Amino acid sequence: MRVWATRAYYRRANARAWRGKFTDAPFSTLQLPGPGGQLQTRVYSSKQGRDKPLIIYFHGGGWVIGDLATHHPFCQQLREHTGCTVVAVDYRLAPEHPCPAALDDCLAATRWLAGHVESIGPTNGKFVLAGDSAGGHLAACTALAVDAALRSRLAGALLIYPVVDHYSRPYPSYTERARGQTLTSALMRWFWDTWLEGKGADAASAAGAVIAGRPDLSSLPPCLLVTAERDPLRDEGRALGTALEHAGVDMTQHHYANAEHGFACSQGPNPDFQHFMALTRQWLDRRAAGRSDAH
């Protein structure tokens, strides 16, 4: 019952935040072969995308909630602001499909899309992995898992306030930002427990679902990492930024000092969203041009 109610609330909240605030332009649907059956996707094709990478997008929602509909306005806006063709992937959710189903689906979708990138829509033949929250986590995990052949076409990773570590390894923000915003520490613990079927951090690490402390972070492509102040995940996100710098990853990091978790995708076109989209467009343009801007 809690899963059903939380999914319904998330759909309503996202729809309300965006109602009347974006132009609902046409999109197409595409089914991809996945390890558990067909994976549904939405393709937001852009005529401007010929010189830009394809964005493969994984929605947030703690691996339990969220779907193509909850992130439809955001993906429309991502296409509009960046000029990139965007493909949103609907991976399997817990508790019906616990870890590692979402990881397996995202990797399978990436392999298929990267192998057919020229036929998806206007692109420059390369792709970027992107996602928010649990979707940011899945984007990073997928970027670490792709083989060398795909990595040569992987232009970057857009990580929007990603999940980085299991809650049993506490960061100060889990206490400082436990309440007072939509994502609470208690809700984040429930997401982890639901996805892992009550198993702990060791099970997550064994499944390749913990990003913090991994020895292969240096294999990540150029990253744009976004964090928010009012977010239990704030400190693990910022710690990831430090780890990526130490690993020599070409990285751009921006912290939104007045924003909360969800500001980019679930709160409509607020000023922080507008800044985020401008930042993302600039970063993607540099990826398309092959320039480095680590800082």
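No experiment lies behind these values; they were computed from the predicted model shown.

A. Region of the structure containing the overall build of the protein. Secondary structure assignment for the protein yields 11 helices and 8 strands. On C-alpha atoms alone, the protein measures out to a radius of gyration of 17 Å, which is about the 19 Å that the 2.2 N^0.38 rule sets for 295 residues. Viewed in the frame of its principal axes, the protein has a C-alpha envelope of about 45 × 45 × 40 Å. Taking all 295 residues of the protein together, 58% fall into the buried category. Pairs at least 24 apart in sequence give 80% of the contacts found in the protein among residues at least 6 apart. Counting every atom, the protein has about 11600 Å² of accessible surface; 52% of that belongs to carbon and sulfur.

B. Summary view of the sheet that holds strand E6 (residues 154-160). Overall, mixed pairing links the 8 strands, which are arranged E1-E2-E4-E3-E5-E6-E7-E8 in an open sheet. Strands at the two margins of the open sheet, each flanked by one partner only, are strand E1 (28-34) and strand E8 (251-260). Neighbour to neighbour, the strand axes of the sheet diverge by 20 degrees on average, direction disregarded. Judged from the 6 bridges that link them, strand E5 (residues 127-132) and E6 form a sheet pairing that is parallel. In the sheet register, Gly-131 faces E6, and the bridge partner there is Leu-159. Across the sheet, helix H3 (residues 101-115) lies against E1, strand E2 (37-44), strand E3 (54-58), strand E4 (86-90) and E5, angled at about 115 degrees from E1, the strand it touches most.

C. Structural view of unusual backbone geometry. In this structure, the amide linkage connecting Ala-94 to the following residue, Pro-95, adopts the cis form with an omega of 5 degrees. Within the secondary structure layout, Pro-95 lies in the loop between E4 and H3. Cis geometry marks the peptide bond from Cys-99 to Pro-100; its omega dihedral reads 15 degrees. Among the secondary structure elements, Pro-100 is positioned in the loop between E4 and H3. Positive phi, close to 65 degrees, is recorded for Trp-63, a residue that is not glycine. Structurally, the position occupied by Trp-63 is in the loop between E3 and helix H2 (72-82). Even without being a glycine, Tyr-161 presents a positive backbone phi close to 30 degrees. Of note, Tyr-161 is situated in the loop between E6 and helix H7 (172-176).

D. The arrangement of the pattern of salt bridges in detail. Per the stated rule, a full pass over the model turns up 14 salt bridges. The partner of Arg-7 in a salt bridge is Glu-96, and the shortest N-O contact between them spans 2.9 Å. Here the residue Arg-7 occupies a position in helix H1 (residues 2-18), and Glu-96 occupies one in the loop between E4 and H3, the gap between them amounting to 89 residues. Among the ionic contacts, a cluster of salt bridges with common partners joins Glu-176, Arg-177, Glu-229, Arg-234 and Asp-235.

E. Spatial organisation of the packing of aromatic side chains. By the definition in use, this model includes 12 aromatic pairs. Each ring, one from Trp-18 and one from Phe-22, has its centre 6.1 Å from the other, and the planes form 85 degrees; the classification is edge-to-face. Accessibility expressed as a relative area gives 0% for Trp-18, which makes it buried. Given the relative accessible area of 22%, Phe-22 is considered partly exposed. For the ring pair Tyr-256 and Phe-263, a centre distance of 4.7 Å and an interplane angle of 45 degrees mean the geometry is tilted. Here the aromatic residues Tyr-57, Phe-74, Tyr-161, Tyr-256, Phe-263 and Phe-276 are joined through ring pairs into a cluster of three or more. Just above the ring of Trp-190 sits the side chain of Arg-2; from NZ or CZ to the centre is 4.2 Å.

F. Examining the nonpolar core more closely. Among the nonpolar cores identified, the biggest contains 64 residues, and Phe-58, Trp-63, Met-188, Phe-191, Trp-192 and Trp-195 are the most heavily contacted of them. Residues contacting Trp-192, with those up to four places away along its chain left out, are Trp-63, Val-163, Asp-165, His-166, Tyr-167, Tyr-174, Ala-204 and Ala-209. One finds Tyr-57, Leu-78, Ala-264 and Met-277 within the second-largest nonpolar core, a separate group that totals 32 residues.

Conventions used here
- Residues numbered from 1 in each chain as written.
- Predicted model: local features only at pLDDT ≥ 70, side-chain atom pairs only at ≥ 80, totals over all residues.
- Heavy atoms only, no water.
- Helix = DSSP H or I, 4+ residues; strand = E, 2+ residues; numbered from the N terminus.
- Rg over C-alpha atoms; globule rule 2.2 N^0.38 Å.
- Buried < 20%, exposed > 50% of the residue type's maximum accessible area, 1.4 Å probe, protein only.
- Contact = heavy atoms within 4.5 Å.
- Areas by Shrake-Rupley, 256 points an atom, 1.4 Å probe, with all protein chains shown as cover.
- Pairing = 2+ DSSP bridges.
- Axes fitted to C-alpha atoms, helices over the stretch in contact; angles between N-to-C directions.
- Salt bridge = Lys/Arg side-chain N within 4 Å of Asp/Glu carboxyl O.
- Phe/Tyr/Trp six-rings, centres within 6.5 Å; stacked < 30°, edge-to-face > 60°.
- Lys NZ or Arg CZ within 6 Å of the ring centre and 35° of its normal.
- Core = buried A, V, L, I, M, F, W, Y, C linked by side-chain atoms within 4.5 Å.

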